[in-house]
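Architecture and fold: a report
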Amino acid sequence: MTRPVLGELIPTGGGDTIPLIKAQMKLGRRESCDICLRFPNISSIHCELTYKDGYWVIRDLNSTNGIKVNGQRLRFRPLRPGDRITIGKRDYMIQYELAGAGVKALEAVLTESDDIYNQSLMEKAGLTKASRNPIFADDDDDDSTIDDDD
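Residues numbered from 1 in each chain as written. Predicted model: local features only at pLDDT ≥ 70, side-chain atom pairs only at ≥ 80, totals over all residues. Heavy atoms only, no water.

1. Thoughts on the overall build of the protein
- Helix and strand counts for the protein come out as 3 helices and 11 strands.
- By residue count, 30% of the 150 residues in the protein fall in the buried class.
- When contacts within the protein are restricted to residue pairs at least 6 apart in sequence, those whose partners lie at least 24 apart make up 33%.
- When the accessible surface of the protein is totalled, it reaches about 10300 Å², and 49% of it is carbon and sulfur. (Helix = DSSP H or I, 4+ residues; strand = E, 2+ residues; numbered from the N terminus. Buried < 20%, exposed > 50% of the residue type's maximum accessible area, 1.4 Å probe, protein only. Contact = heavy atoms within 4.5 Å. Areas by Shrake-Rupley, 256 points an atom, 1.4 Å probe, with all protein chains shown as cover.)

This is how it looks when you write it as structure tokens:
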């Protein structure tokens, strides 16, 4: 019996496509990983791919060389079909079918995570100059001219 393929990792620059056949898969150098990548810059248990709500999520498992999605280094990220994933120094493209409900769930998560990551921790805590001295957009008041008609 053949398992349904939930997606695939396609190595950029050539190589065999890696089928994503389980909803949760660990990637790393160890033989016990679901996807064994025998490269020196890959940690023994490097990262995890999880399929939930119709889309894939990648999470770094405290690896030495980290992961990147579309060139941005991060620890966790929901993935769109066609995203470029760098594991250690190896590049892959993830391909999968994003179904109707999965589209809405993925976009909601990505919008929420973009809002979270658009501010630094200092800004969130109100410890930057900009957050302490808000700029008022009320340009109607002109204090330079005093009109005293009394």
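Past the structure itself, the notes keep going.
2. Brief notes about the sheet that holds strand β7 (residues 67–69)
- The sheet built from 6 strands is open, its strands ordered β2-β1-β11-β10-β7-β8 with antiparallel pairing. This sheet does not close on itself; its edge strands, each paired only once, are β2 (18–20) and β8 (72–74). Direction aside, neighbouring strands of the sheet carry axes that sit 30° apart on average.
- Where strand β1 (residues 7–11) meets strand β11 (residues 90–95), 4 bridges bridge the pair, whose relative direction is antiparallel. By the bridge assignment, Leu9 is partnered in β11 with Ile94. (Pairing = 2+ DSSP bridges. Axes fitted to C-alpha atoms, helices over the stretch in contact; angles between N-to-C directions.)

3. A few points about unusual backbone geometry
- Its identity as a non-glycine residue notwithstanding, Asp53 has a phi of 55°, on the positive side.
- Assignment of secondary structure puts Asp53 in the loop between β5 (47–52) and β6 (55–60).
- On the basis of relative accessibility, which here comes to 54%, the residue Asp53 falls in the exposed class.

4. Some points on the sheet that holds strand β9 (residues 76–79)
- As summarised here, the arrangement of the 5 strands in space is β4-β3-β5-β6-β9, forming an open sheet in which the pairing is mixed. Edge strands, defined here as strands with exactly one partner in the open sheet, are β4 (35–36) and β9.

5. Some thoughts on the packing of aromatic side chains
- Going through the model one piece at a time under the given rule, you end up with 2 aromatic pairs.
- Each ring, one from Tyr51 and one from Trp56, has its centre 5.1 Å from the other, and the planes form 55°; the classification is tilted.
- For Tyr51, a relative accessible area of 24% puts it in the partly exposed group.
- Summarising the aromatic geometry, the rings of Tyr51 and Tyr96 are spaced 6.4 Å apart at their centres and angled 90° between planes, so their arrangement reads as edge-to-face. (Phe/Tyr/Trp six-rings, centres within 6.5 Å; stacked < 30°, edge-to-face > 60°.)

6. Here's the deal with the environment of Val5
- Locating Val5 in the fold gives a position in the segment before β1.
- For Val5, the contacting residues outside a window of four places in its chain are Pro19, Leu20 and Ile21.

7. Observations regarding the pattern of salt bridges
- A complete count under the given rule lists 6 salt bridges for this structure.
- Across the pair Glu48 and Lys26 runs a salt bridge, and its minimum N-O distance is 3.3 Å. Here Glu48, found in strand β5, pairs with Lys26, found in strand β3 (residues 24–28); they are 22 residues apart in sequence, far enough to count as distant.
- Note that Glu107 and Arg80 form a salt bridge whose closest N and O atoms lie 3.3 Å from each other. (Salt bridge = Lys/Arg side-chain N within 4 Å of Asp/Glu carboxyl O.)

8. Here's the deal with the pairing of β3
- Of the pairings in the sheet, the one linking β3 to β5 comprises 4 bridges and is antiparallel in character. In the strand pairing of β5, Gln24 is matched with Thr50.
- Taken together, the 2 bridges between β3 and β4 define a ladder with parallel strand orientation. Residue pairing across strands places Gly28 opposite Cys36, the latter belonging to β4.

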